[in-house]
Amino acid sequence: MVLEATMICIDNSEWMRNGDYTPSRFQAQADAVNLICGAKTQSNPENTVGILTMAGKGVRVLTTPTTDLGKLLACMHGLEIGGELNIASAIQIAQLALKHRQNKNQRQRIIVFAGSPIKYDKKMLESIGKKLKKSSVSLDIVDFGEEDEGKPEKLEALLTAVNNNDSSHIVHIPPGPNALSDVLISTPVFTGDGEGGSGFVAAGPAAGGDYDFGVDPNIDPELALALRVSMEEERARQEAAAKRAAEVASSQNQGDEQSSKSQDTTMADTTGASAAVATDAAEPMSEVDALLQQAIALSMQTPASDSAVRDTDMSEANNEDQDLAAALQMSMQEGEKDSSGQMDMSEVLEDQAFVSSVLASLPGVDPNDPSVKDLLASLHGKSESSDQKKDEEKAAKDDEK
Amino acid sequence: MNQVDLVDFIDWSGVECLNQNSAHSIANALKQGYREDDGLNVESDADEQLLVYIPFLQVVKLHSLAVKGPEEEGPKTVKLYSNREHMGFSNVNDFPPSDTVEFSAENIQAGKPVVLKYVKFQNVRSVTIFIEDNQSGGDVTKVQKIAFFGTTVETTDMKGLKKIEDH
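Residues numbered from 1 in each chain as written. Chains lettered and ligands numbered in written order. Predicted model: local features only at pLDDT ≥ 70, side-chain atom pairs only at ≥ 80, totals over all residues. Heavy atoms only, no water.

Novice: So what exactly am I meant to see when it comes to the overall build of chain B here?
Specialist: Helices and strands together make up the secondary structure of chain B, namely 2 helices and 10 strands. Moving toward the C terminus, one meets the helices and strands of chain B in the order β-β-α-β-β-β-β-α-β-β-β-β. Excluding contacts between residues fewer than 6 apart, the proportion of contacts in chain B whose partners are at least 24 apart in sequence is 82%. For chain B, the computed accessible surface area is about 8,300 Å², with 48% contributed by carbon and sulfur atoms. (Helix = DSSP H or I, 4+ residues; strand = E, 2+ residues; numbered from the N terminus. Contact = heavy atoms within 4.5 Å. Areas by Shrake-Rupley, 256 points an atom, 1.4 Å probe, with all protein chains shown as cover.)

As structure tokens, this is what we get:
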């Protein structure tokens, strides 16, 4: 997106009649020029491009640097082929045209299409290059067409004289099946100093091929940033969910894993970032939540072998959102197999008085109900055996913290 | 009026230097701290000439110029152009300079300020320094320090104000 004024020097000498590039050298060159004009004006709306012809009766400036793409394309029509290439005066005139550009903040660049033999010697070209370098003008050379002995070397010498920090480039294009413009697209002539060109080439819905989200950070930094942040958030959420699922799986039967995972992810979606926080706070909360789910389980008269799934799920649900937890709990029960892991409940159940008081507060549950009492007793009996599993789970939760 | 160092009034966003070596840029010679360091200098690139354009934040009067450089590669002939924007090497000889200073080897090494033709620099918005050649005539010119001394036109320097005695 460099702000630049460019002068394109077109070779319209007799050598351009040759057909070794399809359809003719001149046509191929014209296509390439059109592409370049488009690319430059698109990469920065303030860029200006001018065109001059190097052969014919003499060097002629067709347009001074302008932002008007229509004018540039119109210039390319009606050009006549003839005469001989005069590269030295062409470059000097191009330099003069750039000097009188409107916007002095623009950098200066000359693009030369060298399709015919160069009659100047190396020394002359080098001094021209030096003058360009002194005035900080960058030069791009497209060497195509006539393969003259010494031509590539002369052009390379010119390039080294001008080149300052790789801002100038040379491209040698041998005749072949590929169109001149196609080959040029992939070169630094189009891509500038390594930026911008790909944006033009991939213009359209698929724009911004280089960029992660199809959004050019140069054009729309806020959107690109927002996309990146939401990607990372989603990733973090999924990692947290995966961790929870792994933890659950390690303390659970295989069968419940899938339902727990799906539940975990749905829980994650609903609770968002707080899920991670909730998991960290799982251990201190587990007692209260376990108590709650125990109460619910009893009211539902299901076997009290509540899975650790419910433990973790309950703890993941917000403290405030216990109704939601209850609803989810119930929906989970339908898809669940019985498991034998009891974990934290045992420590809660040890305090029978507490449990009885809670059960008493629940509607529809009579703590004096024999079935309830039996259940409590059985749970309590299992407490010692489940102590080990409880310790494992605590250790896992410590690691997660 | 006291002559102050005008480095504070330089509009850095507009400073340009043509034909400088990109590794040794003009900031090395102009900026406070960099210019005191004799190891940091601005060097010419393609040949020995340098063209430095310095705009100021406000209108100033230039009194003197200090240029410091090494004995061999330091500048010799320095031409100053006042209020000419965006000069290039091609048109630098089209206008007469506002002032020309020829440095000898000793005073370029010492870097002492040289008094300029004050009358030519009364209303300076920008100054262009054209370093035409160097002491030894070699291909590379090196400058360690460039400093302008003068006064500002619009704002009054409070330290310079003296209390007017009541009669």
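Novice: Please clarify how the packing of helix H3 (residues 87-99) of chain A against helix H4 (residues 122-134) of chain A should be interpreted in this entry.
Specialist: In a packed pair of helices, the relevant descriptors are the angle between the two axes and the axis-to-axis distance. Residue and element names in this part refer to chain A. Put simply, H3 and H4 touch, their axes get as near as 10 Å, and they point 5 degrees apart. Accordingly, the angle class assigned to the pair H3 and H4 is roughly parallel. Residues Ile87, Ala88, Ile91, Gln92 and Gln95 of H3 lie in contact with H4, whose contacting residues are Met124, Leu125, Ile128, Lys131 and Leu132. (Axes fitted to C-alpha atoms, helices over the stretch in contact; angles between N-to-C directions. Parallel < 35°, antiparallel > 145°, perpendicular 65-115°, else oblique.)

Novice: Teacher, can you tell me more about the packing of aromatic side chains here?
Specialist: Note on aromatic pairs: each is described by the distance of the centres and the angle between the planes. Enumeration according to the criterion identifies 4 aromatic pairs over all chains in this entry. With 5.8 Å between their ring centres and 75 degrees between their planes, Tyr21 of chain A and Phe144 of chain A make a pair best called edge-to-face. A residue pair is termed long-range when its members are at least 10 positions apart, and Tyr21 of chain A in the loop between strand S1 (4-10) and helix H1 (25-43) and Phe144 of chain A in the loop between strand S5 (137-143) and helix H5 (151-162) qualify at 123 residues. The same class applies to Tyr21 of chain A as to Phe144 of chain A, namely buried. For the ring pair Phe89 of chain B and Phe130 of chain B, a centre distance of 6.3 Å and an interplane angle of 70 degrees mean the geometry is edge-to-face. Of this pair, Phe89 of chain B sits in the loop between strand S5 (77-82) and strand S6 (99-102) while Phe130 of chain B sits in strand S8 (residues 124-131), and the two are 41 residues apart along the sequence. Residue classification places Phe89 of chain B among the buried residues on the basis of a relative accessible area of 13%. The aromatic ring of Phe89 of chain B is capped on one face by Lys134 of chain A, whose charged end is 4.0 Å from the ring centroid. Across the ring face of Phe95 of chain B, the terminal group of Arg84 of chain B is positioned such that the distance to the ring centre comes to 3.9 Å. (Phe/Tyr/Trp six-rings, centres within 6.5 Å; stacked < 30°, edge-to-face > 60°. Buried < 20%, exposed > 50% of the residue type's maximum accessible area, 1.4 Å probe, protein only. Lys NZ or Arg CZ within 6 Å of the ring centre and 35° of its normal.)

Novice: Please explain the pattern of salt bridges as it appears in this structure.
Specialist: One side chain can pair with another of opposite charge once the charged atoms of both are near each other. Taken as a whole, this structure holds 16 salt bridges over all chains when the rule is applied. Of the charged contacts, one joins Lys134 of chain A and Asp47 of chain B as a salt bridge, the two residues approaching to 2.8 Å between their closest N and O atoms. Taken together, the residues Lys134 of chain A in helix H4 and Asp47 of chain B in the loop between strand S3 (42-43) and strand S4 (50-68) connect one chain to another. For the residue pair Lys134 of chain A and Asp47 of chain B, the accessibility class agrees, reading buried in each case. Put simply, Glu4, Lys40, Arg109 and Asp140 of chain A are held in one network by salt bridges that share partners. (Salt bridge = Lys/Arg side-chain N within 4 Å of Asp/Glu carboxyl O.)

Novice: What should I look at first to understand the packing of H4 of chain A against H5 of chain A in this one?
Specialist: Residues and elements named next belong to chain A. Packing of H4 against H5 brings their axes to within 7 Å, and their N-to-C directions diverge by 25 degrees. Judged on the interaxial angle alone, H5 and H4 are roughly parallel. Considering only the axes of H4 and H5, their crossing is right-handed. Residues Lys122, Leu125, Glu126, Gly129, Lys130, Leu132 and Lys133 of H4 touch H5, and the partners they reach there are Glu153, Lys154, Ala157, Leu158, Ala161 and Val162. The residue inventory of the contact of H4 with H5, partitioned by class, reads 6 nonpolar, 1 polar and 6 charged. (Left-handed = near helix turned anticlockwise from the far one by under 90°. Nonpolar A, V, L, I, M, F, W, Y, C, P; charged D, E, K, R; others polar.)

Novice: Explain unusual backbone geometry here, please?
Specialist: Across residues other than glycine, the phi torsion is negative in most instances, and most of the peptide bonds are trans. Residues and elements named next belong to chain A. Residue Thr22 is joined to Pro23 through a cis peptide bond whose omega torsion reads -15 degrees. Mapping Pro23 onto the fold places it in the loop between S1 and H1. Non-glycine residue Ser136 carries a positive phi angle of around 50 degrees. Looking at the secondary structure, you find Ser136 in the loop between H4 and S5. Phi angles above zero are rare outside glycine, and Asp166 is one such case at about 60 degrees. When you line up the elements, Asp166 lands in the loop between H5 and strand S6 (169-172). Taking the relative accessible area as the measure of exposure, Asp166 reaches 57% and is therefore exposed.

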